[in-house]
Each structure stands twice: as structure tokens, then as C-alpha cells.
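Here is what each chain is made of, one letter per residue.
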Amino acid sequence: MGRKKGKLMMAVCLLLMITGCSSYSSGSKNSTAGELQINRIEVCSAVKNDDRIYHVEYPYYYYAFSTDKCSMYDLDQHIECEDLSREQVQYFIDYILSLPDFSDQENGENISFYIFLTYEDENGESINIYRRGYDTFPDGWEDFIDRYNEILGEELLTGNGEVQIVTPEFLTDVFGVTDEDVREGTLQDVIDVMELDIKKITDLFYMDDALDGYYAAIKEDEIEPYRPKELVSVESTQEEYDEFIEKYLDAVGLDLSAEIKSDQDYFRRFYVPDTNQYFYTARTSDMDKLPVVEMDGEYYVMDLDAHMEDMTCRVDFVYSADKKYILIPAYNDPDMILPFLELK
């Protein structure tokens, strides 16, 4: 059964990040006291299906796999919330409320379904309901999915069949990755460490991020002692600093041509062409001049200038082994961080 993909919702993704998901506001201009109003029904149905579509957020978009990621697409054939009949509204509210609260359940091995309902009751009060199940589907699930597809205007989700489990074979089939793509591990290790399930991989999801996140996780024990639980200032000369930077650049396959004009006071800035990323270094002897912020009395971060009015970018940093220098990595990549820690 074919699926017609709508326009990719990248602009919407950006808007949601900027506005803090304001489009999920449960208010509705069309609802009035005394009327039930559904504003959102998000459903993940982990039933194996040939189209590999498992996740929809009515009335906005659905998720589908594409090459190395899962992306959002417009729902363009759905019934608008305000056009749902009273019978439809009542059915969805009653059915979802009838499902047991997953917080009161023993978690199973594999998520079979997930629902997030937002509606307004007869008093105009906004109510959010979450439900999740494992390993099996509840009574009436196939009918629920049929009715859900009706308001979507197309048969996107499947309501009857086996639970789709996230396995190495499934990741290979969907994203084209194999064990050879995993640094120091297997795809099963990635699934276990990153706790991948059908809900996670059918949100906005990038397989490369999961692979990188796994590698960072297994290397964290080596990096953690160098994370800033206290502020340290150790004197160094400019000559020592220059020598250290040259050694570090060589260790990560770069040279001094990677250094570019810095946009932050007291930091040196470097560009990595292969990843189109930047990283920064500084001397701890300048610690009193750096934009350090204490977090919950437990560790420290830096607030870099975001070059937008009254905005900063909060980032992590690590110390070198001798505590003379700090690194703000482009991202949490152990292959960029560990050589910095190991240099003397």
C-alpha cells in the first residue's frame, strides 16, 4: 500500500525548536465551554508493516524513514480538529482514557504503542493524557487505528500484526548501517546503550547521531576525570601554549591552517573542514576572564557569545592533563577530545 509523502517539514522543525513547540498549545479558538475539543492525538503503533510508518502526530505530521534518518512530513488529507464529529471526539477520549496508565504498569521488553492526547473538557480545561504499552496491544486497538486513519484521511498506521522490535537487522534494513559502521562495538551494542526503541527511532532521528552518541557514551569514563568539577588556573607561557596546540592539531590530523580568527575573547578558534565544525581552546591562566558559569554547584560550563542580542551559547569544556589548557570541542566526539587530554 503506497504512501504519498507530503512536503518535508524542516521549516516547521526549526520553528518548533525556536518557539519551544508552541504549535502544541492546547488552546483552541474554536472550542467553547461546554464542548469537548481534541487538539492533538499523537500515536505510535509498532505493528510491522511494509510501508514502515509507525508514528503520526495528528493534526500536524507523520514520520517516515529516509536513507539515514527519520523525518517529518505534512499531513495534508486529514480532517481538521474543529471538524471532528461529537461521536469521533468522544470515542477517542473514551478509548484512550480506558487504557491503563503506563506509570502503573510493569514495563515490558518492547514498546508496542504510545499515545499522547491533548483535549479540552466541557469546562474548557486543557487535559493531557499519556498512555504506553509493551509487547502486546490492548483490546480494540485495530478498531482504534482504523478510526484514527479515518481522521488522517489515509491509511498511514497499521493496527493488527506483530510488534516491530528494533534489532540490528531492522536498523540495517531501514538505515543501511552495519556493525562495520560502529566504532568499538556492534549495532546491538548501540541499541542497548542508546536504549533505542520504535518510539525513539521514529521521532526526528538521525542514525549517525545514535552511532556518535554510543561512542561518546562508552568513552565517557575516560573523559569524565577531566570535566570541570572545580575551577583551576595554572600558569603557562605563550610558547608552551603554541607548542601544545601544534601537538594537539597533529594528533587529530590538522595543522595550524585550521586556526581562524576567533569570535570569542581569550579563545583560539579552529575549523575542521571534514565536519564543518569549530572548536575552541584557551589557557586556564585566563580563567578569571573567561565566561564561566557554575551549574548546580556540581560542575562548570562556558557561556559563549552567540552574536545575537543578549544571547549566549552554553557549552561544555574539558581540561588538559596538566590543567594548563581547556578545550571546547565542536561536539562530544571522543576522537577529538581524548588526544587533548593525553598530551603533556
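As the structure is a computational prediction, the values presented were derived from the model and not from experiment. (Residues numbered from 1 in each chain as written. Predicted model: local features only at pLDDT ≥ 70, side-chain atom pairs only at ≥ 80, totals over all residues. Heavy atoms only, no water.)

1. Here we look at helix α5 (residues 187-194)
Logical step 1: Three or more residues of α5 are buried, namely L187, V190 and I191. With its buried residues spanning 100° around the axis, α5 presents them on a single face.
Logical step 2: Backbone geometry just downstream of α5 places E195 in the positive-phi region, at approximately 50°. (Buried < 20%, exposed > 50% of the residue type's maximum accessible area, 1.4 Å probe, protein only. Helix = DSSP H or I, 4+ residues; strand = E, 2+ residues; numbered from the N terminus. Arc of directions from axis to C-beta.)

2. A few points about the packing of aromatic side chains
Logical step 1: The full count for this structure, using the stated rule, is 26 aromatic pairs.
Logical step 2: Measuring from centroid to centroid gives 6.5 Å for Y54 and F65, while their planes differ by 55°, and the two rings are tilted. Highlighted residues: Y54 in the loop between β1 (37-45) and β2 (55-58) and F65 in strand β3 (residues 61-66), separated in sequence by 11 residues. In this structure, Y54 and F65 share a single accessibility class: buried.
Logical step 3: Summarising the aromatic geometry, the rings of F65 and F170 are spaced 6.2 Å apart at their centres and angled 80° between planes, so their arrangement reads as edge-to-face. With a gap of 105 residues between them, F65 in strand β3 and F170 in helix α4 (residues 168-175) connect regions that are remote in the sequence. (Phe/Tyr/Trp six-rings, centres within 6.5 Å; stacked < 30°, edge-to-face > 60°.)

3. Things to note about the sheet that holds strand β4 (residues 69-74)
Logical step 1: Pairing within the open sheet is antiparallel, and its seven strands lie in the order β6-β5-β1-β2-β3-β4-β7. Both outer strands of the open sheet, β6 (126-134) and β7 (205-206), are each paired with one neighbouring strand and no more.
Logical step 2: Pairing analysis gives four bridges linking β1 to β2, with the strands arranged antiparallel. The residue of β2 that forms the bridge with E42 is E57.
Logical step 3: Against the sheet, helix α3 (residues 141-152) touches β1, β2 and β5 (111-120), its axis set at about 120° to β1.
Logical step 4: Across the sheet, α4 touches β3, β4 and β7, and the angle it forms with β3 is around 95°. (Pairing = 2+ DSSP bridges. Contact = heavy atoms within 4.5 Å. Axes fitted to C-alpha atoms, helices over the stretch in contact; angles between N-to-C directions.)

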